[in-house]
Amino acid sequence: MLKLKIVSPEKILYEGDATSVKVPGVLGGMEILQNHAPLISALTAGKVEYTNAEGTEQIQVAGGFVEVLRNNVSLCIERQ
């Protein structure tokens, strides 16, 4: 299980568990699953998609950054 936190300049958009997170990296889309290697990457405009116990949610983003470290995924995004 991943611990996911998605923040924008205005507020925290999501904080909780997730089984997978898909992000629009500047070099292409990527999916983050449990035990993913540590990573920091810039994001481009597109769709962030995450799956949790309630199902799959999507957020449109204009850009931002993602950090993955020890099953913690942090997204700092700018919304469109």
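The present account deals with the structure reproduced in this document. Counting starts from 1 at the beginning of each chain's written sequence and moves along it residue by residue. Since the coordinates come from a predicted model, pLDDT governs what is reported: local features require at least 70, and pairs of side-chain atoms require 80 or more to be given and counted, while whole-chain, interface and lining totals use all residues. Excluding hydrogens and water, the side-chain values take into account all heavy atoms of the structure.

### Things to note about the nonpolar core
Inclusion rule: In plain words, nonpolar cores are sets of buried Ala, Val, Leu, Ile, Met, Phe, Trp, Tyr and Cys residues tied together by side-chain atoms within 4.5 Å. The classification of residues rests on relative accessible area computed with a 1.4 Å probe and restricted to protein chains. Under 20% of the type maximum is buried, over 50% is exposed, and intermediate values are partly exposed. Helix numbers and strand numbers start at the N terminus; a helix is a DSSP run of H or I with at least 4 residues, a strand a run of E with at least 2. We call two residues contacting when some pair of their heavy atoms lies within 4.5 Å.
Core analysis: the biggest nonpolar cluster contains 19 residues, and L4, I6, V21, I32 and L75 have the highest contact counts within it. Listing elements by their share of this core, those giving two or more residues are strand 1 (2-7), strand 2 (12-18), strand 3 (20-25), strand 5 (39-43), strand 6 (46-52), strand 7 (55-69) and strand 8 (72-79). Leaving out residues up to four positions away in the same chain, L4 has contacts with Y14, E15, G16, A18, V21, Y50, V73 and L75.

### Structural notes on the pairing of strand 8
The following threshold applies: A strand pair is defined by DSSP finding two or more bridges across the two strands.
Strand direction decides the pairing type here: strand 1 and strand 8, joined by five bridges, are parallel. Bridging from a neighbouring strand, K5 pairs with S74 of strand 8. As paired strands, strand 7 and strand 8 are joined by eight bridges and run antiparallel to one another. Counted as the bridge partner of V66 is L75 from strand 8. The loop that links strand 7 with its antiparallel partner strand 8 comprises two residues; one of these, R70, has a positive phi angle of about 50°.

### Observations concerning the packing of aromatic side chains
To describe a pair of aromatic rings, one takes the distance between the centres and the angle between the planes. Put simply, the test is: Pairing of aromatic rings covers Phe, Tyr and Trp, the last counted by its six-membered ring, and requires centre-to-centre distances within 6.5 Å; plane angles under 30 degrees mean stacked, over 60 mean edge-to-face, and any other angle means tilted.
Applying the stated criterion across every chain yields a total of one aromatic pair. Centre to centre, the rings of Y14 and Y50 are 4.5 Å apart; their planes meet at 35°, and the pair counts as tilted. Highlighted residues: Y14 in strand 2 and Y50 in strand 6, separated in sequence by 36 residues.

Note that all results are geometric; they support no functional claim without further evidence.
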